[in-house]
Amino acid sequence: MLLLGLLSAAAIARAADTGAPAATTTTIPPMAYQHRTLSNGLNIYSVEDHSSPTIAIQVWYHVGAKDDPAGRSGFAHLFEHIMFKGNKDMKPEMMDRLTEDIGGANNAYTADDMTVFYETVPSNYLEPILWAEGERMTSLKVDAGNFRSERFVVEQEYRQRVLADPYGEFWQELVKKSFAQHPYKRPPIGNMPDLDAANLNDVRDFHATYYRPDNATMVVVGDFDQAQLDKWVDKYFGSVPTPAVPIPRVTIKEPPRTANQRFDLTDAKIPLPGIAITYLAPPRSSEDAPVFQVVEQIMGGGDSSRLYQSLVYRQQLAENVSSDADLREDLGLFEITAILSSGKSTKQGEDALLTEINRMKEEPVTAEELSKAKNQILTQKLKDRETFEGKAAAIADAVVLLGDPARVNTDLAKVEAVTAEDVQRVLRKYITDTNRVVITDMAKPEAPAKKEVAQ
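Residues numbered from 1 in each chain as written. Predicted model: local features only at pLDDT ≥ 70, side-chain atom pairs only at ≥ 80, totals over all residues. Heavy atoms only, no water.

1. Overview of the sheet that holds strand β3 (residues 54-61)
Then, number 1: Spatially, 6 strands are ordered β1-β2-β6-β3-β5-β4 in an open sheet, and the strand pairing comes out mixed. Each end of this open sheet is capped by a strand with a single partner; those strands are β1 (34-37) and β4 (105-110). Neighbour-to-neighbour, the strand axes of this sheet turn through a mean angle of 15 degrees, independent of strand direction.
Then, number 2: The pairing of β4 with strand β5 (residues 115-122) spans 6 bridges and is classified as antiparallel. Residue pairing for β5: A108 is matched across the bridge by F117.
Then, number 3: This element, helix α4 (residues 126-138), spans β3, β5 and β6 (216-222) of the sheet and lies at about 160 degrees to β5. (Pairing = 2+ DSSP bridges. Helix = DSSP H or I, 4+ residues; strand = E, 2+ residues; numbered from the N terminus. Axes fitted to C-alpha atoms, helices over the stretch in contact; angles between N-to-C directions. Contact = heavy atoms within 4.5 Å.)

Structure (structure tokens):
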């Protein structure tokens, strides 16, 4: 039984290498965090740790791709870029100067449910970062020139990540076809027509609606003094006003699937056929979520996984395979995918994928598979938490997506508690014929060459 404090990363890593159950003699304590809520609604979580003279700062805004305005898919992602353009007191790219010029780093990302801005700096530079994040929250200055430039950057990112990738559009269609009504069907990167349609008024309205203290969670982890942090937080965030209007939230609920669906696509770019099978899955906060993490690992986690051993190694049906428990705030997807080998049909791929998922549903996974999957999951989680950035992200994730900061110290134990019976129970609940969507992607045949007509 795994203790609440969890195992050391080294102990689990040794067990993961051998496939043996992990020893429980070495434990690490749970994260001890401080929490404040300002009068304007801003939540601040902090962990004082003097093991390194650095600090990680993360600000999570509870707004993501699912909150994009109608006809503006990709807007939250576009806004992530615009937030680096400064305001009346901050020049564009000033965050780079405040971090990179003193040996630190900064970046941001947009997901379905949140937008995250994060920095890591030497500990004596904490105050300037807090000032800068306060400025970003308080006001925004966007003129027509830098708005167009950032929109162009995002459009170039779309061209590179979606249009230039042979399977980029296939992965986007996987998400679009898997949701019937929920705005999760709109990928965070958006699409070109909606990006082209965005204007300055949209930007200002979006900032006023979502970038506000009562929609933000800030986490600070590292080498700081708590009393001093509290004073700086009050100084740079305490006077940020809270808009009187409520924060709009997505209320659309995805209806249950009632029949097996399939979508057969063609794409001139892909060199080999692709196939994806998706099932609607529970939200991240569900008690079934840890089971899906284990299922994902056993099914597609590396070369020893069931999908790889069956489809790639033994049958030589596929060039690569994957499984993904893509669980989100509202609900999620469980996906199994394959890029097939030359000469193999999507029917062969579909049959092989279904055989493996049904086998796991009907036959208990082995003790060795279960132990190895848990070891791999916990090793990676604990490796992440060895860094200040990883600790900050784990706390923010528990607060924003799970709705309970205490789960930063309890959810890994839930992974360890998963049994073979849990795996079968959860798969039998969600992996059903009526909950299945199949998406195939075949190379589009070239148009026949026109015959020359003799003159």
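Moving on from the model shown.
2. Quick look at the side chain of D411
Then, number 1: Among the structural elements, D411 can be located in helix α15 (residues 411-416).
Then, number 2: The class of D411 is buried, set by a relative accessible area of 17%.
Then, number 3: There is a polar contact of 2.9 Å between the side chain of D411 and the side chain of R407. (Buried < 20%, exposed > 50% of the residue type's maximum accessible area, 1.4 Å probe, protein only. Polar contact = N/O pair within 3.5 Å; in protein donor to acceptor, adjacent residues only side chain to side chain.)

3. A few points about helix α9 (residues 226-237)
Then, number 1: Its 12 residues give α9 an end-to-end C-alpha distance of 16 Å, which sits within 8% of 16 Å, the value for a rise of 1.5 Å per residue.
Then, number 2: For α9, the complete set of buried residues consists of Q226, L229, W232, V233, Y236 and F237. The arc that holds every buried residue of α9, seen down its axis, measures 120 degrees, which confines them to one face. Facing away from the buried side of α9 by over 90 degrees, the exposed positions are K231 and K235.
Then, number 3: Against the buried residues of α9 lie β1, β2 (43-48), α4 and β6. (Expected span 1.5 Å × (residues − 1). Arc of directions from axis to C-beta.)

4. Notes on the nonpolar core
Then, number 1: L126, Y211, M218 and F237 are the most contacted members of the largest nonpolar core, which totals 47 residues.
Then, number 2: By size, the runner-up hydrophobic cluster in this structure holds 44 residues, among which are V321, L340, L353 and I357. (Core = buried A, V, L, I, M, F, W, Y, C linked by side-chain atoms within 4.5 Å.)

5. Notes on the packing of helix α10 (residues 289-300) against helix α16 (residues 420-430)
Then, number 1: At a minimum axis separation of 10 Å, α10 and α16 run at an interaxial angle of 95 degrees. Of the possible angle classes, the one that applies to α10 and α16 is roughly perpendicular. Contact with α10, carried on its side by V291, F292 and V295, involves D422, V423, R425, V426, L427 and Y430 of α16 and no other residues of that element.
Then, number 2: A class-by-class count of the residues in the contact of α10 with α16 yields 7 nonpolar, no polar and 2 charged. (Parallel < 35°, antiparallel > 145°, perpendicular 65-115°, else oblique. Nonpolar A, V, L, I, M, F, W, Y, C, P; charged D, E, K, R; others polar.)

6. A word on the pattern of salt bridges
Then, number 1: Under the definition given, this model contains 32 salt bridges.
Then, number 2: For R136, the salt bridge goes to E133, with nearest N and O atoms at 2.9 Å. Taken as a pair, R136 and E133 lie in helix α4 at a separation of 3 residues, close to a single helical turn.
Then, number 3: By relative accessible area, which is 4% here, R136 ends up buried.
Then, number 4: Take E133: its relative accessible area is 1%, and that puts it in the buried class.
Then, number 5: Two residues, E173 and K177, come together in a salt bridge whose shortest N-O distance is 2.4 Å. Remark: K177 and E173 occur in helix α6 (residues 168-178); sequence separation between them is 4 residues, near one turn of the helix.
Then, number 6: Among the residues examined, E173 registers a relative accessible area of 19% and is labelled buried.
Then, number 7: Because the salt bridges share partners, they merge into one network encompassing E287, R407, D411 and K414. (Salt bridge = Lys/Arg side-chain N within 4 Å of Asp/Glu carboxyl O.)

So yeah, pure geometry; function would need other evidence.
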